[in-house]
Amino acid sequence: MSQHGVGPRAVTRSVAFLTAGVLAVPALAGCGSEDPAGKPLAAPDIQPAGRDRIADGGTLRWAVDSVPDTLNTFQSDADATTTRVAQAVLPSMFRMDASGRPERNPAYLESAKVVETEPKQVVLYKLNQQAVWSDGREIGAADFAAQWRALSGKDTAYWTARNAGYERIQKIERGDNSLEVRVTFSRPYADWRSLFSPLYPKDVMGTPDSFNDGARKKLKVTAGPFTVKKVDREDDEITLVRNPRWWGEPAKLSEIVLRTVPRDERAAELAAGTLDVAEIDPSAARRITVAARPRGSSSPLMGPGADRSAADALRSWAVANGTDEDAADEETVARKKLRKAAAKYARRQQALRGFEVRKSLEPAYTQLALNGAEGPLADERVRRAVARALDREELAEAVLEPLGLPAVPVGSHLALSGQAHYADNSGALGGQDTKEAQALLADAGWVRGGPVKEQKKKEKAAGPEGEKAGSSKEPDDDGTYIVGDDDKAHRGPDPADHLAQDGRQYKHSNQGGAPGAYAPEGTAAPANQEAARLAKNGKALTLRFVLPSGPGSQTLRTVADRISRMLERVGIGTDISKVSDESYFKDHIASGQYDLALYSWPATAFPATDARPVYAKPVPAADGSLNVEQNYTRVGTDQVDQLFDEAVSTLDEGESRSLIRKADSRTWAAAGSIPLFQRPQLIAARKNLVNTGAFGFGTPVYEDMGFLKKGAKPASGPSAKDR
């Protein structure tokens, strides 16, 4: 993500002192003997198997979201597929283990350590003597030096998206022999293990022209178990084949084809036999799980006609056999179509019996973002009240329990459970407490039942949306529903409850909005006089909650519905606006056109480097706009910035972790964003496909992926370290 300059003022007040008194920050986890990092909440689920059980050869067809515009991970338009290709074809000095911690990659690195700290930090890399590029040249200091120069930020002719860490390098030189690389830093750098992963050849990094264009469409020189054979933008697929110069264990697969398949089409493609593995949504996972059950077992009805009751079926039969010939003909045609659709669905279900769902938790978490640039949320007391109104455990359970995954709220902005920097610092803000939330709002001047001036009808959220969301709305429906505006009606069933329990979409006959995010006109809000709307200076306390409208955003809309109800209990209204997926981030999150929003951040093993731009205090730019970097909540403090700076500059790993945890504790206190839950990772895979699936934190080992030999069975255990 690139930098964004916006106009609204930033929140610059310190959160160390808040209104009625000093915010009590609890003693940080980690001061005792027990490691607060804990363990990962879910293990990888990849059907592990030893290499001797895997057949040689075969093509793995893998669904991806897109064929990337570039194969250079250091460019701004790189995406997840760029990373996947790089993992399979390029060197990485370090990779992530199952706990999300960096580990030396022995295929490329014999050792790497800090050998000097005074007068400068020096890291000595000793390379695997067999490691060569696909053109036969040894991997060496020249490649390290070329990448440093390209990413150092000193030459603006290189169109780089990031240079974190590389700007701290002073020089790179050969060691005692061609297998040693000495990297000298101008300033101490704690996250030195983040560098040179991936490592591109000097052919790519050597000049601005080769960097900017040479690795966008192809990679001529590689050094992984696979190499890039073809990038086909007409058929939307990338083909990787075995690298004949690979010195490690030879790849079991002959070929990996990464093919673009929209998420809502993946279940059909799996059933058609054109895919072997794909990330899927909860509804597709449920469908595959049901298909895999033994015949005759009790399963919920799914597919065309599954929602028809006995009364519906009887009525249909009566109409089809009735005296009204036109109605009978129409109903007969409809019944034939339904039978045809049901038969097609049954055939696809039969085909899906060859697949299974492998599930874990992604190395990413979903958060509620609170825009602190202006409006009610510019007041830290209101942000804290929003946070104290939330039952994060309930939100995690709504999303993760139906999937059979651990429903534990995330306790850190900067790491996830099991990672070295993790500690649950949520106590710096406090848990769900309705009375405390109401007290904070009262202290901020929001009065229950206060006078409210009539407001002009609000315009829709900025950016392309509305009709682009694909909804069919009534003429007077502006695409929003303000929770709590209808105090007279009785509360109906909660669509989020239905959605979270069975994974099905919830729709009203006359409502085209996103299921779980909007209520039909006249739907009751919680009838609770104690939670009457708060007001201040003639304005009701209503926050604009912006959500994406696409089919892949169902979980976010379910969560948003529950959050809106929780806020209503303390007197905060939410004005929910749906926007197109294309518009959501660019026109709303990045530009600050929202009060509340839900989006996710990836976890990192190097938070001192990677998380700083996300939580750094926004600063005014020369043109008067606000440079927010990636801090889209616009909430930050000098103290948090200082802690990041100290953490990245100390070579004492224990001290660096302690500083990161302090930074996280104070980030909780600022209440600019509220971590909710780790994202579910659901992968559909052929049952005989091994060492592939829901990888969790771990970096995939591409050379070990493959299909079982006939009669072979997979190993037991969560990971495929058996080499």
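Details of the structure are given in the entry above.
Definitions and cut-offs
Chains are numbered independently. Their residues run from 1 in the order of the written sequence. With pLDDT at 70 or above as the cut-off, local features in this predicted model cover only qualifying residues; side-chain atom pairs require 80 or more to be listed or tallied, and sums for whole chains, interfaces and linings still use all residues. The side-chain figures draw on all heavy atoms in the structure; neither hydrogens nor water molecules are used. A helix here means a DSSP run of H or I that spans at least four residues, while a strand means a run of E at least two residues long, and both kinds are numbered starting from the N terminus. The contact definition used throughout considers only heavy atoms, calling two residues in contact when any of these lie within 4.5 Å. A 1.4 Å probe and the Shrake-Rupley method give the accessible areas. Residues count as covered only by the protein chains that appear here. Think of it in three bands: with a 1.4 Å probe and only protein chains considered, a residue is buried below 20% of the maximum accessible area for its type, exposed above 50%, and partly exposed in between. This arc describes the spread of directions from the helix axis toward the C-beta atoms. Whenever two N or O atoms come within 3.5 Å, that pair is a polar contact, provided that in protein one can donate a hydrogen and the other can accept it, and provided that, for residues adjacent in sequence, both atoms are side-chain atoms. Each Phe, Tyr or Trp ring (for Trp, its six-membered ring) is paired with any other whose centre lies within 6.5 Å, and the angle between the two planes then decides the class: stacked below 30 degrees, edge-to-face above 60, tilted in between. Among the buried residues, those of types Ala, Val, Leu, Ile, Met, Phe, Trp, Tyr and Cys that are joined through side-chain atoms within 4.5 Å form a nonpolar core. Here an axis means a line fitted to C-alpha atoms, over the contact stretch when the element is a helix, while the angle between two N-to-C directions is reported on a 0 to 180 degree scale. Between 65 and 115 degrees an angle is taken as roughly perpendicular, under 35 as roughly parallel, over 145 as roughly antiparallel, and anywhere else as oblique. Throughout, a crossing is termed right-handed when the near helix is turned clockwise from the far one, and left-handed when it is turned anticlockwise from it by less than a right angle. In short, DSSP must find at least two bridges between two strands for them to pair. Any carboxyl oxygen of Asp or Glu within 4 Å of a side-chain nitrogen of Lys or Arg constitutes a salt bridge here. Classification used: nonpolar for Ala, Val, Leu, Ile, Met, Phe, Trp, Tyr, Cys and Pro, charged for Asp, Glu, Lys and Arg, polar for all others including Gly.

(A) Region of interest: the overall build of the chain. Scanning the chain from N- to C-terminus turns up 18 helices and 27 strands. Within the chain, residue pairs in contact and separated by at least 24 positions form 74% of the contacts whose partners lie at least 6 positions apart. Looking at the chain as shown, the accessible area adds up to about 32000 Å², and 48% of this sits on carbon and sulfur atoms.

(B) Focus on helix α1 (residues 80–89). Listed in full, the buried residues belonging to α1 are T81, T82, V85, A86, A88 and V89. Taken around the axis of α1, the buried residues stretch over an arc of 165 degrees, which confines them to a single face. In this structure, the buried residues of α1 make contact with β4 (59–64), β11 (226–232), β12 (237–242) and β13 (255–260). For α1, the N-terminal capping position is held by D79, with its side-chain oxygen 3.0 Å away from the main-chain nitrogen of T81.

(C) Representation of the side chain of Q147. Within the element layout of this structure, Q147 appears in helix α2 (residues 141–151). Within the structure, the side chain of Q147 is placed 2.9 Å from the backbone nitrogen of Y200, a separation counted as a polar contact. Residues contacting Q147, with those up to four places away along its chain left out, are F74, Y166, F196, P198, L199, Y200 and M205.

(D) Local environment of the packing of aromatic side chains. Overall, the coordinates contain 18 aromatic pairs when judged by the stated rule. With 6.4 Å between their ring centres and 35 degrees between their planes, W62 and Y702 make a pair best called tilted. Taken as a pair, W62 in strand β4 and Y702 in the loop between β26 (689–690) and β27 (706–707) lie far apart in primary sequence, 640 residues in all. Since its relative accessible area comes to 5%, W62 is described here as buried. Consider the rings of F185 and Y189, whose centres lie 6.1 Å apart with planes at 35 degrees: the pair is tilted. On the basis of relative accessible area, F185 is assigned to the buried category, the value being 1%. Here Y189 falls in the buried class, since its relative accessible area comes to 1%. Three or more aromatic residues joined by ring pairs form one cluster here, namely F74, F94, Y125, F144, Y166, W192, F196 and Y200.

(E) Structural detail: the nonpolar core. M93, Y125, F196 and L240 are the most contacted members of the largest nonpolar core, which has 101 residues in total. Tallying contributions element by element places α2 first for this core, with seven residues. Not counting chain neighbours up to four residues away, the residues in contact with F196 comprise P91, S92, M93, Y125, F144, Q147, Y166, I169, I172 and V183. If you look at the next biggest cluster of nonpolar residues, it comprises 61 residues, including I288, A389, L403 and L567.

(F) Just the packing of helix α9 (residues 380–389) against helix α11 (residues 434–443), in detail. Where α9 meets α11, the closest approach of the two axes is 8 Å, and the angle between their N-to-C directions is 165 degrees. By the angle between their directions, the pair α9 and α11 is classed as roughly antiparallel. Note that α9 runs across α11; the crossing there is left-handed. Contacts between α9 and α11 pair R381, V382, R384, A385, R388 and A389 from the former with T434, E436, A437, L440, L441 and D443 from the latter.

(G) The arrangement of the pairing of β13 in detail. Pairing of β4 with β13, which is carried by six bridges, proceeds in the parallel orientation. When the sheet's bridge partners are listed, V64 is paired in β13 with T260.

(H) Geometry of the pattern of salt bridges. Enumeration according to the criterion identifies 29 salt bridges in this entry. Linking R61 and D276 is a salt bridge whose minimum nitrogen-to-oxygen distance equals 3.0 Å. Of the two residues, R61 sits in strand β4 while D276 sits in the loop between α5 (266–271) and β14 (277–279), which places them 215 residues apart along the sequence. For R61, a relative accessible area of 28% corresponds to the partly exposed category. The partner of D443 in a salt bridge is R381, and the shortest N-O contact between them spans 3.5 Å. Highlighted residues: D443 in helix α11 and R381 in helix α9, separated in sequence by 62 residues.

(I) Structural view of the sheet that holds strand β19 (residues 539–540). An order of β16-β18-β19 is seen for the three strands of this open sheet, with the pairing classed as antiparallel. Unpaired on one side and paired on the other, β16 (447–448) and β19 mark the two borders of the sheet. By the bridge criterion, two bridges tie strand β18 (residues 534–536) to β19 in an arrangement that is antiparallel. The residue of β19 that forms the bridge with K536 is K539.

(J) Broad picture of the sheet that holds strand β7 (residues 109–116). The strand order across the open sheet built from four strands is β7-β8-β10-β9, with neighbouring strands paired in antiparallel fashion. In the strand order of this sheet, the two ends are held by β7 and β9 (169–174), each with one partner. For this sheet the average axis-to-axis angle between neighbouring strands, irrespective of direction, equals 15 degrees.

(K) How the structure looks around the packing of helix α17 (residues 638–649) against helix α18 (residues 653–670). Relative orientation of the contacting elements α17 and α18 amounts to 165 degrees, with a least axis distance of 8 Å. In terms of axis orientation, α17 runs roughly antiparallel to α18. In this structure, the crossing between α17 and α18 has a hand that is left-handed. On α18, the residues that touch Q639, V640, L643, F644, E646 and A647 of α17 are S656, L659, I660, K662, A663, R666 and T667. Along the lines of polarity and charge, the residues of the contact of α17 with α18 split into seven nonpolar, three polar and three charged.

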